[in-house]
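As a plain string of letters, each chain reads:
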Amino acid sequence: MIGTVLMETLRRSWKQMVYWGMGMAVLAFYPFLMMPSTPEGFEQYAEIGRSLPEGVLAMFGLNDVAIIGTPEGFIGYSFFGYILLVLAVYAVIAGLNVSAVDEDNGSMDMLLSLPLPRWHIITEKVLAYSLMSVGIALFAFIGFLFGAQIAGDKLNLSWERYLISTLSIVPGTIFMLAVTAFIGTLVRRRSNAAVLAGIFIFASYVLNVVGGMSNTAFAETMKGFSFFAYLNTSTALKEGVAIASALTLIGVSIALTVGAVALFERRDVSV
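What counts, and at which threshold
Residues numbered from 1 in each chain as written. Predicted model: local features only at pLDDT ≥ 70, side-chain atom pairs only at ≥ 80, totals over all residues. Heavy atoms only, no water. 1 Å grid on protein atoms, 1.4 Å probe; cavity = no way out; pocket = protein on both sides within 12 Å on 5 of 7 lines; lining within 4 Å. Points joined across faces, edges and corners; volume = space filled by probe spheres on them. Helix = DSSP H or I, 4+ residues; strand = E, 2+ residues; numbered from the N terminus. Nonpolar A, V, L, I, M, F, W, Y, C, P; charged D, E, K, R; others polar. Contact = heavy atoms within 4.5 Å. Salt bridge = Lys/Arg side-chain N within 4 Å of Asp/Glu carboxyl O. Buried < 20%, exposed > 50% of the residue type's maximum accessible area, 1.4 Å probe, protein only. Patch = residues over 30% accessible without salt bridge, like charges linked within 9 Å, V, L, I, M, F, W, Y side chains within 5 Å. Areas by Shrake-Rupley, 256 points an atom, 1.4 Å probe, with all protein chains shown as cover. pLDDT = per-residue confidence, 0-100. Phe/Tyr/Trp six-rings, centres within 6.5 Å; stacked < 30°, edge-to-face > 60°. Lys NZ or Arg CZ within 6 Å of the ring centre and 35° of its normal. Axes fitted to C-alpha atoms, helices over the stretch in contact; angles between N-to-C directions. Parallel < 35°, antiparallel > 145°, perpendicular 65-115°, else oblique.

Q: Teacher, can you tell me more about the layout of surface pockets here?
A: Where empty space is left becomes clear once a probe the size of a water molecule has been rolled over the atoms. For the largest pocket, the calculated volume is near 470 Å³. Taken together, 16 residues make up the lining of the largest pocket; nearest its centre are Glu-8, Arg-12, Asp-102, Leu-111 and Lys-125. Taken together, the elements giving at least two residues each to the lining of the largest pocket come down to helix 1 (4-34), helix 5 (100-105), helix 6 (107-112) and helix 7 (118-151). Considering each element in turn, the lining of the largest pocket owes the most residues, 6 residues, to helix 1. Split into classes, the residues belonging to the lining of the largest pocket amount to 7 nonpolar, 5 polar and 4 charged.

Here is the structure:
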């Protein structure tokens, strides 16, 4: 039946979504506690950024130091500058749960014994964990709303801007999830899939950092191979979301899911 695997996955994993979401809410709320009370305070943070060695802030997706000299830039950078690296842990765990974990512990045998097409298993699990990534982002949105109450009139941002900004982390999370799910169906063993997914994400991050530290054509070309380069989460609160890049990542995630389905259809899993 359509939706059976989806609902069962949500039933089994919703608590993990809540735990991750609560952590995201705390991380979204915390920058408001550190926010300076005067314009001079923001400028001091910008000065500290300018004094750092070239490329240090690029490690966290910040190419323009002046951004942290504004309230929305400071709050946005303090959360979005690193949050995708945190969510990479969730994405890899979720991606492994699509097939690799169940194959390792033997529960996939029981699942395949049910009258369900194989493509339902992969697509509905990916969809379930993708929906939970949206839920995690919404918890972060709640953290921003509570923080905005502390900030008062320092941040003249609507709740819609907070919502759109927090949802900007979803495409990257889903992409990392889909990559891991694809690798899990390709190499089968959970440990190998986890290592390969981790290497891919880390290498993509390094390419983005190196590309941001250098102005050469070669570095810019290498940066183009990093999916981090297509996300502007660090500046989303101030500048808005790069819609085209987000849609591209979602499209690639769908393609990876289709590839995972094709691989799993050919998989020889004993039942």
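Text resumes after the structure shown.
Q: Sorry if this is basic, but what is going on with the side chain of Asp-102 here?
A: Position of Asp-102 relative to the elements: it lies in helix 5. Residue contacts for Asp-102: discarding those within four places in its chain leaves Asn-97, Ser-107, Met-108 and Lys-125.

Q: Explanation requested: the pattern of salt bridges in the structure shown.
A: Side chains that carry opposite charge are capable of pairing whenever their charged atoms lie near each other. In total, this model carries 4 salt bridges according to the counting rule given. One salt bridge in this structure joins Arg-11 and Glu-8, with 2.7 Å as the shortest N-O distance. Here Glu-8 and Arg-11 lie together in helix 1, a separation of 3 residues that amounts to about one turn. For Arg-11, a relative accessible area of 51% translates into the label exposed. Look at Glu-8 and you get partly exposed, because its relative accessible area is 29%.

Q: What am I meant to see in a nonpolar patch on the surface here?
A: A surface patch of nonpolar side chains, about 480 Å² in accessible area, is lined by Tyr-30, Leu-33, Met-34, Tyr-45 and Ile-150. Here the nonpolar patch takes 3 residues from helix 1, the largest share from any one element. Structurally, the position occupied by Tyr-30 is in helix 1. In this structure Tyr-30 comes out as partly exposed when scored by relative accessible area, which is 45%.

Q: Any chance you could explain the confidence of the model for the protein here in plain terms?
A: Close reading of the predicted structure is inappropriate where its pLDDT is low. Per-residue confidence for the protein gives a mean pLDDT of 84, with 86% of residues at or over 70. For the protein, the element scoring lowest by mean pLDDT is helix 2 (residues 39-51), at 70; helix 9 (residues 169-187) scores highest, at 95.

Q: Even after reading the chapter, I still don't get the packing of aromatic side chains, so can you show me in this structure?
A: The description of an aromatic ring pair uses the distance of the two centres, along with the angle that the planes make with each other. Under the definition given, this model contains 11 aromatic pairs. Look at Phe-175 and Phe-227: their rings are 4.9 Å apart centre to centre, the planes differ by 45°, and that puts the pair in the tilted class. Of this pair, Phe-175 sits in helix 9 while Phe-227 sits in the loop between helix 11 (217-223) and helix 12 (236-239); the two residues are 52 residues apart in sequence, bridging distant segments of the chain. According to the relative accessible area criterion, Phe-227 is buried, its value standing at 4%. Their ring planes at 10° and their centres at 6.2 Å tell us that Phe-200 and Phe-227 sit as a pair that is stacked. Of this pair, Phe-200 sits in helix 10 (residues 190-213) while Phe-227 is found in the loop between helix 11 and helix 12, placing the two residues 27 residues apart along the sequence. The exposure class assigned to Phe-200 is partly exposed, which follows from its relative accessible area of 33%. Here the aromatic cluster, defined as three or more aromatic residues joined through ring pairs, consists of Phe-32, Phe-79, Phe-80, Phe-144 and Tyr-162. Positioned above the aromatic ring of Phe-264, the side-chain terminus of Arg-118 is 5.3 Å from the ring centre.

Q: Even after reading the chapter, I still don't get the packing of helix 8 (residues 159-167) against helix 9, so can you show me in this structure?
A: Axis angle and axis distance: for two packed helices, these are the angle between their axes and the distance between the axes, and together they describe the pair. The N-to-C vectors of helix 8 and helix 9 enclose an angle of 15°; their axes lie 4 Å apart at closest approach. Considered as vectors, helix 8 and helix 9 are oriented roughly parallel to each other. Contacts between helix 8 and helix 9 involve Ser-165, Thr-166 and Leu-167 on the former and, on the latter, Ile-169, Val-170 and Pro-171. By residue class, the composition of the contact of helix 8 with helix 9 is 4 nonpolar, 2 polar and no charged.

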